[in-house]
Amino acid sequence: MIDLAHYADVAGLDVIEHLRQLAALLKGKRVIHVNSTQEGGGVAEILEKLVPLMQQLGIDTAWEVIHGNENFFMCTKSMHNALQGNAIDIPKALLNVYEETNAHNAERLREKLEAADIVFIHDPQPAPLFNLCPGKRGKWIWRCHIDIRHPHRPVWKYVRNFIKDYAASIFSLVDFAQPLPHDIFVVPPSIDPLSEKNMDIDENEVASVYKEFGLDLKRPIILQISRFDRFKDPLGVIQAFQLAKKYIPSLQLVLAGGGASDDPEGEIVLGEVRVAAADHSDIHVLALPPNADRTINALQRGADIVLQKSLREGFGLTVTEAMWKGKPVIGGDTGGIRLQVIDHHTGFLVNSPEGAALRIRYLLSHRDRLEAMGEKAREFARDNFLITRHLRDYLALMVVLVYNVEERIELS
Ligand code: UDP
């Protein structure tokens, strides 16, 4: 059961009070979120939490899911990949399915959508609903969860047509956006501090997970959790470990991740990682099953330092998760890691295995700095990357749109 009161315990009472103040301005307003899946994936995960929290704040909020057949999802999957930069052209027949599917869903949802004060349309799947609801009286917002900085142009041109007349768009990072002829807001992702992956768990559970994997909690441990993907640079992490281990012989490395079994590329990278780790008894490569949330939580809590040495990154939720657990993060100087790792404060930004090794050695030989940075990291995550901040941003944005607030910060 999602309960606002529980969030007060972790995020702070003042944060909840602030949410209540913003929500009071939206009393009586009808809000609808629309996406294309009830479960699975980051968007559903966040709506599962945000919708009940908005309801508890007294805002009349609903969540509608559009339905489609296999061809519809084949089309939107290609669209998703094309918008993220793959040169994929979508056949006209599939685009017709996309439009027809939206037309069918509009029949079902039109009355509700037209009556709403605010409609959040998540990602491209339901985007055409806007033009299919001519009697709408509210403000419609396109919430884009993906990185469309370098889209395949013909597909973006097509999708853009459905979006351009919305009242506003939201992107997760400034860098992810495309120019559009309306207000563009930036709302970064967040984690749920009460989920299995992030909730407090006791030390015994952490110890038993570490024992299960043959790790020694009395010796220093560095950890990277991520899919086995070249952009996450697992081989660079191994190099950094080897360089640091010359000076800290007791050092252990955990490289944990899943998703390799359903991703041929991931399987290859995992194979390379296993080869690179083969002669080192202190490198532990863990292939995690899906939904290993509790294990990930325990691994992050038991590590001394968390690495996310990505060469390219979206936002980097693993960074947020580690920071929330009071760990300094040594992260690649890229993407959303830059928003989270404030160099020398919440961790270190690095550009090479050598740089990472230097920072590992520094932190492990200055325990007071390690602790202080970890504490700062937790505070920074609390202030900026919890779901309560995500909710606050949505409320503030709705207030701006409903009251036509003119003052704003212009980002150039
Ligand atoms: N994750 C997971 N199992 C794994 C590897 C990663 O559940 O084996 C989780 C991780 O804890 C994080 C998310 O998947 O919540 C990955 O998000 P991130 O933004 O770090 O990277 P992405 O995989 O989206 O590039």
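Source: prediction; values computed, not measured.

Student: With reference to specific residues and values, describe the sheet that holds strand β5 (residues 168-171).
Tutor: Here 6 strands make up an open sheet; going across it, the order is β2-β1-β3-β4-β5-β6 and the pairing parallel. Of all the strands in the sheet, the pair left with one neighbour each is β2 (60-65) and β6 (183-186). Strand-to-strand twist in this sheet, taken as the mean axis angle between neighbours without regard to direction, amounts to 20°. Across 4 bridges, the pairing between strand β1 (residues 30-35) and strand β3 (residues 118-122) is parallel. Note that in β3 the partner of I32 across the bridge is V119. Along the sheet, helix α5 (residues 92-115) contacts β1, β2, β3 and β4 (139-143); its crossing angle with β2, the most-contacted strand, is approximately 175°.

Student: Which residues make up the sheet that holds strand β11 (residues 329-332), and what values do they have?
Tutor: What the 6 strands build is an open sheet, ordered β9-β8-β7-β10-β11-β12; its pairing is parallel. Each edge of the sheet is formed by a strand with only one pairing partner; in this case those strands are β9 (283-287) and β12 (347-350). Adjacent strand axes in the sheet meet at a mean angle of 20° when their direction is disregarded. Note: strand β10 (residues 305-308) against β11, 3 bridges, orientation parallel. If you follow L307 over to β11, its bridge partner there is I330. The sheet contacts of helix α13 (residues 353-365) involve β7 (221-225), β10, β11 and β12, and relative to β12 the element is tilted by about 165°.

Student: Any details on the packing of aromatic side chains? Residues and values, ideally.
Tutor: Throughout the structure, instances matching the rule amount to 14 aromatic pairs. An angle of 85° between the planes, with centres 5.6 Å apart, marks the rings of F130 and W140 as edge-to-face. Residue F130 is found in the loop between β3 and β4, and its partner W140 is found in strand β4; the two are separated by 10 residues along the sequence. Owing to a relative accessible area of 10%, F130 belongs among the buried residues under this scheme.

Student: Quick rundown of the environment of I184? Include the residues and the values.
Tutor: Position of I184 among the secondary structure elements: in strand β6. For I184, a relative accessible area of 34% corresponds to the partly exposed category. Linking I184 and S169, residues 15 residues apart in sequence, is a C-alpha distance of 4.9 Å. In this view, I184 contacts S169, F171, A177, Q178 and P179; residues no more than four positions away in its chain are not counted.

Student: Could you give me a rundown of the nonpolar core, with the residues and numbers involved?
Tutor: Within the largest apolar cluster, 42 residues are counted, with the highest numbers of intra-cluster contacts made by M79, L113, W140 and W142. Looking at this core, the elements that each hand over two or more residues are β1, α4 (70-83), α5, β3, β4 and α6 (153-163). Looking at which element gives the most residues to this core, the answer is α5, with 7 residues. Ignoring sequence-local partners within four residues, the contact set of M79 consists of I90, L95, Y98, P124, V155, Y158 and V159. Counting 32 residues, the second largest nonpolar core, distinct from the first, contains V10, I201, L215 and V306.

Conventions used here
Residues numbered from 1 in each chain as written. Predicted model: local features only at pLDDT ≥ 70, side-chain atom pairs only at ≥ 80, totals over all residues. Heavy atoms only, no water. Pairing = 2+ DSSP bridges. Helix = DSSP H or I, 4+ residues; strand = E, 2+ residues; numbered from the N terminus. Axes fitted to C-alpha atoms, helices over the stretch in contact; angles between N-to-C directions. Contact = heavy atoms within 4.5 Å. Phe/Tyr/Trp six-rings, centres within 6.5 Å; stacked < 30°, edge-to-face > 60°. Buried < 20%, exposed > 50% of the residue type's maximum accessible area, 1.4 Å probe, protein only. Core = buried A, V, L, I, M, F, W, Y, C linked by side-chain atoms within 4.5 Å.

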